[in-house]
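Breakdown of the fold
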Amino acid sequence: MPGTFFSLENQVAVVTGGGQGIGEGIARRLHAAGARVAVLDLRPDTARAVANSIDGVGLECDVSSPSSVSRAIERVHERLGPIDILVNNAGIAGRTAPLWQLEESDLDQVYAVNLKGVFLTCRAVIGEMLDRGYGRIVNVASIAGKEGNPTLIPYSSTKAAVICLTKALAKEVAGRGDITVNGISPAVVQTKILETMAPETVSYMVSKIPMGRTGRIEEIAALVHFLVSRECSFTTGQCYDISGGRATY
Ligand SMILES: NC(=O)c1ccc[n+]([C@@H]2O[C@H](COP(=O)([O-])OP(=O)(O)OC[C@H]3O[C@@H](n4cnc5c(N)ncnc54)[C@H](O)[C@@H]3O)[C@@H](O)[C@H]2O)c1
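Right, let's walk through the structure included here.

Turning our attention to the sheet that holds strand β4 (residues 85–88). Overall, parallel pairing links the seven strands, which are arranged β3-β2-β1-β4-β5-β6-β7 in an open sheet. A strand with exactly one partner marks an edge of an open sheet, and here the two such strands are β3 (57–60) and β7 (239–242). Pairwise comparison of adjacent strand axes, ignoring direction, gives a mean angle of 20 degrees for this sheet. Bridge count for strand β2 (residues 36–41) against β3 is four bridges, and the pairing is parallel. Bridge assignment links Val39 to a residue of β3, and that residue is Gly58.

Here is the structure:
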């Protein structure tokens, strides 16, 4: 796609959780648009496999660990240069059960990856974006963060927090160069994350989608591509629904 609309030529993109699923789809799409992509994932094997297939850089990174995040971002600088685009996609569902059956540790684990992870990676790149006066950040939230899915309280509440982090950070940097921070809230997409949830929880979520089908990875990647493009410069602090009509606000 280089040379066409929404070209990402000469840009460096970081995609967290890019070793499989939606993150992999996003990494492939951004590469197809001309970006040089760093694929960060808890699993170094999948990160490298995806990166190798798109001429990118695959790095092990646990987004919930400050030292792991700063090490990975340092490597990206060494290998690819300054970062133009950050896509915070890494996330986990956690245990699916009603609140009264959850342990504190169930909440802590999901919070560490889904919210603290986004905080840490944004903090690791925002300084250079401010210095260079350019940046695009997209955070992958979820329709669960708007609607609150039963049996998914840690997941839903951390995704709601990601939406608010997105809005607040967008305002902090607005007017300080061409930097935008947006989010997306997908409904169900067929990936391995669904295998970690109770089947009743998945059926509940699918039944709520007016289009009567699940989303496709390519559909999510296309929206993210638009949001990280240079052309998308007057939109910030928004959370885009990609939910087959489920979201009503
Ligand atoms: N699939 C859906 O239905 C759906 C719907 C809405 C939102 N989402 C969100 O989309 C994102 C991607 O989900 P997916 O469906 O592709 O899931 P997935 O489980 O297929 O992929 C998640 C990736 O994140 C990585 N990861 C997990 N913990 C990590 C950590 N601490 N540090 C770095 N990487 C880590 C995993 O290794 C994996 O490669 C998640 O944030 C998820 O919450 C998914």
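With that out of the way, let us pick up the pairing of β4. Neither face of β4 is open: one carries Ile85 and Val87, the other Leu86 and Asn88, and all of them are buried. For β4 and strand β5 (residues 134–140), the ladder comprises four bridges, and the chain directions are parallel. Across the sheet, the residue bridging to Val87 is Val138, located in β5. For the crossover that starts at β4, traverses helix α4 (residues 104–132) and ends in the parallel β5, the hand is right-handed.

Close to the ligand lie 27 residues; Asp41, Asn89, Tyr155, Val189 and Thr191 are nearest. Here an oxygen atom of the ligand sits 2.9 Å away from a polar atom, N or O, in the side chain of Gln20. Interatomic distance of 3.3 Å between a backbone N/O atom of Cys61 and a nitrogen atom of the ligand. Those elements that provide at least two residues to the shell around the ligand are α1 (21–32) and α6 (153–173). Partitioning the shell around the ligand into residue classes produces 16 nonpolar, seven polar and four charged.

This part covers the pattern of salt bridges. Per the stated rule, a full pass over the model turns up ten salt bridges. For Arg95, the salt bridge is made with Asp106, and the minimal N-O distance between the two is 3.1 Å. Taken together, the residues Arg95 in the loop between β4 and α4 and Asp106 in helix α4 connect sequence positions eleven residues apart. You can call Asp106 buried: its relative accessible area is 10%. Here Arg216 and Glu219 are joined by a salt bridge, their closest N and O atoms 3.1 Å apart. Of the residues examined, Glu219 reaches a relative accessible area of 25% and is grouped as partly exposed. One network of salt bridges, in which partners are shared, links Arg213, Arg216 and Glu219.

What follows covers a nonpolar patch on the surface. A surface patch of nonpolar side chains, about 320 Å² in accessible area, is lined by Phe5, Phe6 and Phe226. For Phe6, a relative accessible area of 31% translates into the label partly exposed.

Before going further, it helps to spend a moment on the packing of α4 against α6. Two numbers describe how α4 lies on α6: the axes approach to 9 Å, and their chain directions differ by 15 degrees. By the angle between their axes, α4 is roughly parallel relative to α6. Along this stretch, α4 crosses α6, giving a crossing that reads as right-handed. Within the contact between the two elements, α4 uses Asp106, Leu107, Val110, Tyr111, Asn114, Leu115, Val118, Phe119, Cys122, Ile126 and Leu130 and α6 uses Pro154, Tyr155, Thr158, Lys159, Ala161, Val162, Leu165, Leu169 and Val173. Considering only residue class, the contact of α4 with α6 consists of 16 nonpolar, two polar and two charged.

The next point concerns α6. Taking 1.5 Å per residue, 21 residues should reach 30 Å; α6 reaches 30 Å between its end C-alpha atoms and fits that length. Where α6 is concerned, the buried positions are Pro154, Tyr155, Ser156, Thr158, Lys159, Val162, Ile163, Leu165, Thr166, Leu169, Ala170 and Val173.

Definitions and cut-offs
- Starting afresh in each chain, residues are numbered from 1 along the sequence in its written order.
- A pLDDT threshold of at least 70 governs which residues receive local features in this predicted model, and a stricter bar of 80 or more applies before side-chain atom pairs are shown or counted, although totals over entire chains, interfaces and linings include all residues.
- Computation of side-chain values covers all heavy atoms of the structure but excludes hydrogens and water.
- Two strands pair under a simple rule: DSSP has to find at least two bridges between them.
- Elements are defined by DSSP. Helices are runs of H or I of four residues or more, strands are runs of E of two residues or more, and each kind is numbered from the N terminus.
- Here an axis means a line fitted to C-alpha atoms, over the contact stretch when the element is a helix, while the angle between two N-to-C directions is reported on a 0 to 180 degree scale.
- In this scheme, a residue with accessible area under 20% of its type's maximum is buried, one over 50% is exposed, and one in between is partly exposed, where area comes from a 1.4 Å probe on protein chains only.
- Seen with its strands pointing away from the viewer, a crossover is right-handed if its path from the first strand over the helix to the second goes clockwise.
- Only heavy atoms are used to decide nearness, and a residue is near a molecule or strand if one of them lies within 4 Å of it.
- Any pair of N or O atoms that falls within 3.5 Å is considered a polar contact. Within protein, one atom must be able to donate a hydrogen and the other to accept it, and sequence-neighbouring residues count only if both atoms are side-chain atoms.
- Polarity classes work like this: nonpolar for Ala, Val, Leu, Ile, Met, Phe, Trp, Tyr, Cys and Pro, charged for Asp, Glu, Lys and Arg, and polar for all others, with Gly in that last group.
- We define a salt bridge as a side-chain nitrogen of Lys or Arg found within 4 Å of a carboxyl oxygen belonging to Asp or Glu.
- Each patch is built from salt-bridge-free residues with over 30% relative accessible area, joining like charges within 9 Å and nonpolar side chains (Val, Leu, Ile, Met, Phe, Trp, Tyr) within 5 Å.
- Each accessible area is a Shrake-Rupley estimate made with a 1.4 Å probe; only the visible protein chains count as cover when residues are assessed.
- Here roughly perpendicular refers to angles of 65 to 115 degrees, roughly parallel to angles under 35, roughly antiparallel to angles over 145, and oblique to all remaining angles.
- Helix crossings get a hand from a simple test, with the near helix turned counterclockwise from the far one by less than a right angle marking a left-handed crossing and a clockwise turn marking a right-handed one.
- Here, two residues are considered to be in contact whenever any of their heavy atoms come within 4.5 Å of each other.
- Take the residue count of a helix, subtract one, and multiply by 1.5 Å to get its expected span.

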